[in-house]
There are 2 protein chains.
Amino acid sequence: MKLTTVEDVRAAAERIRDTAVRTPLLPCDWADTDRPLWLKPENLQPIGAFKIRGAANAIARIPEADRANGVVAYSSGNHAQAVAYVAKRFGLPAVIVVPENTPATKIDATRGHGAEVVVVPITDREIVAERLVAQRGATLVPPFDHLDVIAGQGTIGLEIVEDLADVDVVLVPVSGGGLASGVATAVKGLRPDAAVIGVEPALAGDAAESLAAGHRVEWSAHDRARTIADGLRAAPSDLTFAHLLARLDGIVTVTEDQIRDAVATLATRARLVAEPSGAVTTAAYLHRAADLPRGRTVAVVSGGNLDRDLLASLLVTPDTRTS
Amino acid sequence: MKLTTVEDVRAAAERIRDTAVRTPLLPCDWADTDRPLWLKPENLQPIGAFKIRGAANAIARIPEADRANGVVAYSSGNHAQAVAYVAKRFGLPAVIVVPENTPATKIDATRGHGAEVVVVPITDREIVAERLVAQRGATLVPPFDHLDVIAGQGTIGLEIVEDLADVDVVLVPVSGGGLASGVATAVKGLRPDAAVIGVEPALAGDAAESLAAGHRVEWSAHDRARTIADGLRAAPSDLTFAHLLARLDGIVTVTEDQIRDAVATLATRARLVAEPSGAVTTAAYLHRAADLPRGRTVAVVSGGNLDRDLLASLLVTPDTRTS
């Protein structure tokens, strides 16, 4: 199976330059002295998540002849916003297929980026998307199972090594595995001595179990849906799992309480609003230190889209909680 | 009176390069189409505020012979943290003089950066600081009333023009005026056609009244203390007022409700935790549009240090508020 290369990631960096923000590494003055911490704040991208990088690289690669037919994506989350936003920037029409239970605010946001939204029963998402591709000659932009998407997410790893050449440890969330595959490709390719460690919620720890087994172990969607980290409920594909197996140095899991604590820590100590999925790496840094290599550590904060009231509830200190 | 120059700001940028984060401009996909908005997130600096820039420039300029005698600052807020943090980075001892009513958490944070903390009655702050300077041969680092501090804060303006050469409007908070003086120096010097507009809380609107009058009008500290924006309760000095008079294109004020709304908007739409003082520019963008020039707008988000429970309370949506 062909895996993404550092050269693919370098080429992606050129393509996404005008679309994605070049996020800085933020040093944390509250970190342990023997393992200084920097945050890579991808929650500060337009639409609030790293997804814009992979979408931009994939859409930039669509051949000229196919561009007018537009793009299709199925997602109710950050990937939908990313495809809608990037398609508008590139001047392509976009159709986003979303399941019936998607909150109206998310549908409005997607329409706000100029995309057409098609609401279908959740089990019909893929088939409707494929039908749109066939009917319109549109290009499907998958959320993670694609080399161009992986290379786009990998630009995060490229920037980490550019900004911190002697990085020792990179912590990256794992869900479908596109982000972790891309980041591991870039970091291990440019600095083989650095460790790239995936982080998963224990309640959606299928990738951790799969990597330990050396082959994909399926968890039910129902089980994976238990975690508060709603962006980490997908499972790796054959393509991303091959990347993870070849290039990740390890994977750790975090509990729901650790994730909640990390959201509050990021807001109060790093002044960043992170969604639970974006906070898992900080949760690992804070609570799984014994299982991580020492040294200069970077935590990828992958996104910042969460319900306002949920954020407020996670910020209320125990003393002032009413329940 | 000698004012800061663009050359001073350029020199400051070299001096602070290893201490301050090169913050990006963050495009806002929720902005009005005829006045696109970018945020300059200085809340992401170490210690959570722009103050680190001015402190770094001033401390970098201390003559070699005086460095071992250290630095002194009097402040209970972001400036204290900034001086303590920068002094530690530069290897200089620091003494911070704080008033008796300073919360223990802030004193602990200052000590955490390795500074000595001297607690005194609030009216004695300046005199104790001056005595420490005389006794130890230490160098006082003032929060705004100093050309080196102004030039350091001005590096924000330099970076804005580097990243957005055709910026039309820059919104900057005004308190003691060091930040606004520096930013206006850089922006007007490099792009005279851009408008630099100061923003103040109406409840601490002494600079607005002073600029309208053409001379400094004093408000009582008691009056200025009414605003929730606790970083904007200082008043300009002769030095900073001369900069504001010469280089600001205007000044607008915002209400307390507008400031609170802007804190919530920044958290939910821009995924940034801003303190009320850091949110006044966004408040002006959102609520004082009729009084601002059109065009490509940058709002300086100056800091992100606020009480966790206050942030939680500002995020609770009206429907779910219990009071």
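Residues numbered from 1 in each chain as written. Chains lettered and ligands numbered in written order. Predicted model: local features only at pLDDT ≥ 70, side-chain atom pairs only at ≥ 80, totals over all residues. Heavy atoms only, no water.

Q: Looking at this structure, I do not really get the interface of chain A and chain B. What am I missing?
A: How big an interface is tends to be stated in terms of accessible area lost as the parts join. In this assembly, 33 residues from chain A lie in contact with 33 residues from chain B. A combined buried area of about 2,600 Å² lies between chain A and chain B, and 63% of that area is made up of carbon and sulfur atoms. The tally of links from chain A across to chain B stands at zero salt bridges. Taken together, the connections running from chain A to chain B amount to twelve residue pairs in polar contact (both at pLDDT 80 or more). (Contact = heavy atoms within 4.5 Å. Buried area = accessible area lost by both parts, 1.4 Å probe. Salt bridge = Lys/Arg side-chain N within 4 Å of Asp/Glu carboxyl O. Polar contact = N/O pair within 3.5 Å; in protein donor to acceptor, adjacent residues only side chain to side chain.)

Q: Help me understand the side chain of S277(A), please; the structure alone is not making it clear to me.
A: Residues and elements named next belong to chain A. With respect to the helices and strands, the residue S277 is situated in helix α13 (residues 276–287). For S277, a relative accessible area of 2% gives the class buried. Looking at S277, its side chain comes within polar contact range of the main-chain nitrogen of G231, at 2.8 Å. Once residues lying within four places of it in the same chain are set aside, the contact partners of S277 are P173, A229, D230, G231, L232 and S302. (Helix = DSSP H or I, 4+ residues; strand = E, 2+ residues; numbered from the N terminus. Buried < 20%, exposed > 50% of the residue type's maximum accessible area, 1.4 Å probe, protein only.)

Q: Before we go on, may I ask you to explain the packing of helix α1 (residues 6–16) of chain B against helix α8 (residues 178–190) of chain B in this structure?
A: Each pair of packed helices can be summarised by the angle the axes make with each other and by the distance between the axes. Residues and elements named next belong to chain B. For the pair α1 and α8, the least separation of the axes is 9 Å and the interaxial angle reads 115 degrees. The orientation of α1 relative to α8 falls into the category roughly perpendicular. Handedness of the crossing formed by α1 with α8: left-handed. Contact residues: α1 offers V6, V9 and R10, while α8 offers T185, A186, G189 and L190. Tallied by class, residues from the contact of α1 with α8 come to four nonpolar, two polar and one charged. (Axes fitted to C-alpha atoms, helices over the stretch in contact; angles between N-to-C directions. Parallel < 35°, antiparallel > 145°, perpendicular 65-115°, else oblique. Left-handed = near helix turned anticlockwise from the far one by under 90°. Nonpolar A, V, L, I, M, F, W, Y, C, P; charged D, E, K, R; others polar.)

Q: Help me understand the sheet that holds strand β1 (residues 26–27) of chain A, please; the structure alone is not making it clear to me.
A: Through backbone hydrogen bonds, the strands of a sheet pair up, either in parallel or in antiparallel fashion. Residues and elements named next belong to chain A. Spatially, six strands are ordered β1-β2-β10-β7-β8-β9 in an open sheet, and the strand pairing comes out mixed. Of all strands in the sheet, those with a lone pairing partner are β1 and β9 (250–254), marking the two edges. Sheet topology places strand β2 (residues 37–41) next to strand β10 (residues 297–301); five bridges connect them, and they run parallel. When the bridges of β10 are listed, P41 appears paired with V301. (Pairing = 2+ DSSP bridges.)

Q: Quick question: what am I supposed to make of the UniProt feature "domain: Tryptophan synthase beta chain-like PALP" (unreviewed entry) in chain A here?
A: UniProt records the feature "domain: Tryptophan synthase beta chain-like PALP" (unreviewed entry) at residues 19–303 of chain A, using the numbering of this structure. Secondary structure across residues 19–303 of chain A divides into 44% helix and 16% strand, with the first and last C-alpha atoms of the span separated by 16 Å. (UniProt positions renumbered as here; feature names shortened; annotations may be inferred.)

Q: Even after reading the chapter, I still don't get the domain arrangement of chain A, so can you show me in this structure?
A: Residue and element names in this part refer to chain A. When its domains are assigned, chain A resolves into domain 1 (6–48 + 146–315) and domain 2 (53–140). Put simply, the middle of domain 1 and the middle of domain 2, counted by C-alpha atoms, are 24 Å apart. Contacts between domain 1 and domain 2 engage 23 residues on the former and 15 residues on the latter. In total, domain 1 and domain 2 occlude about 1,500 Å² of area from one another, counting both sides; carbon and sulfur atoms represent 54% of this. By the criterion of area lost to domain 2, the three top residues of domain 1 are R15, T19 and I47, representing 42% of everything that side buries. Joining domain 1 to domain 2, the criterion identifies three salt bridges. Between R53 and E42 there is a salt bridge; the shortest N-O distance is 2.7 Å. Put simply, the parts of the chain that give the side of domain 1 that touches domain 2 at least two residues each are α1 (6–16) and α7 (147–163). Residues belonging to the side of domain 1 that touches domain 2 are distributed by class as follows: nine nonpolar, seven polar and seven charged. (Domains from an automatic or database assignment.)

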